[in-house]
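One letter stands for each residue in the lines below.
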Amino acid sequence: MKKSVLSAALGALALGVAFSAPAMAADVSACLITKTDTNPFFVKMKEGATAKAKELGVTLKSYAGKIDGDSETQVAAIESCIADGAKGILITASDTKGIVPTVKKARDAGLLVIALDTPLDPADAADATFATDNLLAGKLIGQWAKETMGDKAKDAKIGFLDLTPSQPTVDVLRDQGFMIGFGIDPKDPNKIGDEDDARIVGHDVTNGNEEGGRKAMENLLQKDPSINVIHTINEPAAVGAYQALKAVGMEKNVLIVSVDGGCPGVKSVTEGVIGATSQQYPLMMAALGVEAIKKFADGGEKPKPTEGKSFFDTGVSLVTDKPVSGVKSIDTKDGTDKCWG
């Protein structure tokens, strides 16, 4: 994210999140625990946390799973943070349900726990969540895909390239949001795969990376080679899907949509690899999270959510060079100016 955008966001924090007056605390330490340390999204999140920690004099320790879905490493990281006497933890959980007992141990030990990007399940298992409205992010790309297809949407053949079998909340929210935006009844909004719309070819998991996206796309093509719409959990998975389609000469026949809005992802929109993506702001999430831990250490108050929501909303923008009526969007020039990579 460009400096001006982040500055505006940090200003918004003062309006949307209330803290008590600080009573300065010394030797404040915090932990950042991400799903991986290779996905550009989490790389940028770490950059945001590191820069803000340096600015505020907070000692930051960073941990990451070996792959997306590696909850055991995240559990061990929380245990380490408790033992080290950290004041707070920022976490993007791989297993949003399974991590809850360990998060409780941290909160019982007096640590402030903030979920970044991915709400825990239940969401109030964390003290706060700083995130994109992931349901809205899904709705935006679903609406865009539906309007782009026009009359052909009623006969679409749709594949979903999801994250992991554990169905973390971010995966469910984006997936179900796309369905709602496209006009599909998602059935149980807290579950992936129970819908019965005939347009859905199927779901596969990607682990949020290119290789996973390629393999999942190949699997869905074997199931139905007439597939013509693909929802992807993130842009690395979208690029993998495109590679699989290109290998069989189908790259021009399938509409791919995604979520993240990193600079490489926006470039993929410019190049026509991805039709549209919902841009989120991980650097902002992490910077605000470190600031919240510092203020908690200084004054004891916890951050409050955005008015009318259960979390602090860090914003989302649909990025596409092919706008459609009724769906607000920005073009790739603006998306590049705002991207976080």
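What counts, and where the lines are drawn
- Residues numbered from 1 in each chain as written.
- Predicted model: local features only at pLDDT ≥ 70, side-chain atom pairs only at ≥ 80, totals over all residues.
- Heavy atoms only, no water.
- Helix = DSSP H or I, 4+ residues; strand = E, 2+ residues; numbered from the N terminus.
- Buried < 20%, exposed > 50% of the residue type's maximum accessible area, 1.4 Å probe, protein only.
- Contact = heavy atoms within 4.5 Å.
- Salt bridge = Lys/Arg side-chain N within 4 Å of Asp/Glu carboxyl O.
- Polar contact = N/O pair within 3.5 Å; in protein donor to acceptor, adjacent residues only side chain to side chain.
- Core = buried A, V, L, I, M, F, W, Y, C linked by side-chain atoms within 4.5 Å.
- Pairing = 2+ DSSP bridges.
- Axes fitted to C-alpha atoms, helices over the stretch in contact; angles between N-to-C directions.
- Parallel < 35°, antiparallel > 145°, perpendicular 65-115°, else oblique.
- Left-handed = near helix turned anticlockwise from the far one by under 90°.
- Nonpolar A, V, L, I, M, F, W, Y, C, P; charged D, E, K, R; others polar.

A. Quick look at the environment of G159. By the secondary structure assignment, G159 is in strand 6 (residues 158-162). According to the relative accessible area criterion, G159 is buried, its value standing at 0%. Sequence separation between G159 and A276 is 117 residues, and the spatial gap between their C-alpha atoms is 16 Å. The contacts of G159, once residues within four sequence positions are left out, are G202, L220, I227, V229, I230 and H231.

B. Representation of the environment of D337 within the structure. Residue placement: D337 occurs in helix 11 (residues 332-338). Residue D337 is classed as partly exposed on the basis of its relative accessible area, which comes to 36%. When the C-alpha positions of D337 and A216 are compared, they lie 32 Å apart, and in sequence the two are 121 residues distant.

C. Focus on the pattern of salt bridges. Counted by the stated rule, this structure contains 21 salt bridges. K309 serves as the salt-bridge partner of D133, at 3.4 Å between the closest nitrogen and oxygen. Residue D133 is found in the loop between strand 5 (128-131) and helix 5 (134-149), and its partner K309 is found in the loop between helix 10 (282-299) and strand 11 (312-313); the two are separated by 176 residues along the sequence. Here K309 falls in the partly exposed class, since its relative accessible area comes to 31%. Through salt bridges with shared partners, one network takes in K52, E55 and E291.

D. Focus on the environment of F182. Looking at the secondary structure, you find F182 in helix 6 (residues 169-182). Residues F182 and E147, spaced 35 residues apart in sequence, show a C-alpha to C-alpha distance of 8.4 Å. Once residues lying within four places of it in the same chain are set aside, the contact partners of F182 are G142, Q143, A145, K146, M149, A153, A156, I158 and R199.

E. Geometry of the side chain of T206. Relative to the assigned elements, T206 resides in the loop between strand 7 (200-205) and helix 7 (210-223). When its relative accessible area of 1% is taken as the criterion, T206 is described as buried. A distance of 2.8 Å separates a polar side-chain atom of T206 from the backbone oxygen of D162. In this view, T206 contacts L161, D162, L163, G212, G213, A216, I233 and A237; residues no more than four positions away in its chain are not counted.

F. Fine view of the nonpolar core. Counting 27 residues, the largest nonpolar core has M45, L90, I114, L116 and F130 as the members making the most contacts within it. Taken together, the elements giving at least two residues each to this core come down to strand 1 (29-34), helix 2 (40-56), strand 4 (112-116), strand 5 and helix 10. Considering each element in turn, this core owes the most residues, 9 residues, to helix 10. When near neighbours in sequence (up to four residues on either side) are disregarded, I114 contacts I89, L90, I91, A128, F130, G289, A292, I293 and P303. Ranked by size, the runner-up nonpolar core spans 24 residues in total, among them A137, I158, V316 and V327.

G. Representation of the sheet that holds strand 7 in the model. The mixed open sheet is built from 6 strands, whose spatial order is 7-6-8-9-10-12. Each end of this open sheet is capped by a strand with a single partner; those strands are strand 7 and strand 12 (317-319). Averaged over all pairs of adjacent strands, the angle between their axes in this sheet comes to 15°, without regard to strand direction. Sheet contacts for helix 6: strand 6, strand 7, strand 8 (229-232) and strand 9 (255-260); angle to strand 6, the most-contacted strand, approximately 160°. This element, helix 7, spans strand 6, strand 7 and strand 8 of the sheet and lies at about 150° to strand 7.

H. Broad picture of the packing of helix 7 against helix 8 (residues 235-247). At a closest axis distance of 6 Å, the pairing of helix 7 and helix 8 adopts a crossing angle of 50°. When the axes of helix 7 and helix 8 are compared, the pair comes out oblique. Crossing of helix 7 against helix 8: the hand is right-handed. For the pair helix 7 and helix 8, the contacting residues are E210, G213, R214, M217, E218 and L221 in the first and P236, A237, V239, G240, A241, Q243, A244 and L245 in the second. Its residues assigned to classes, the contact of helix 7 with helix 8 comprises 8 nonpolar, 3 polar and 3 charged.

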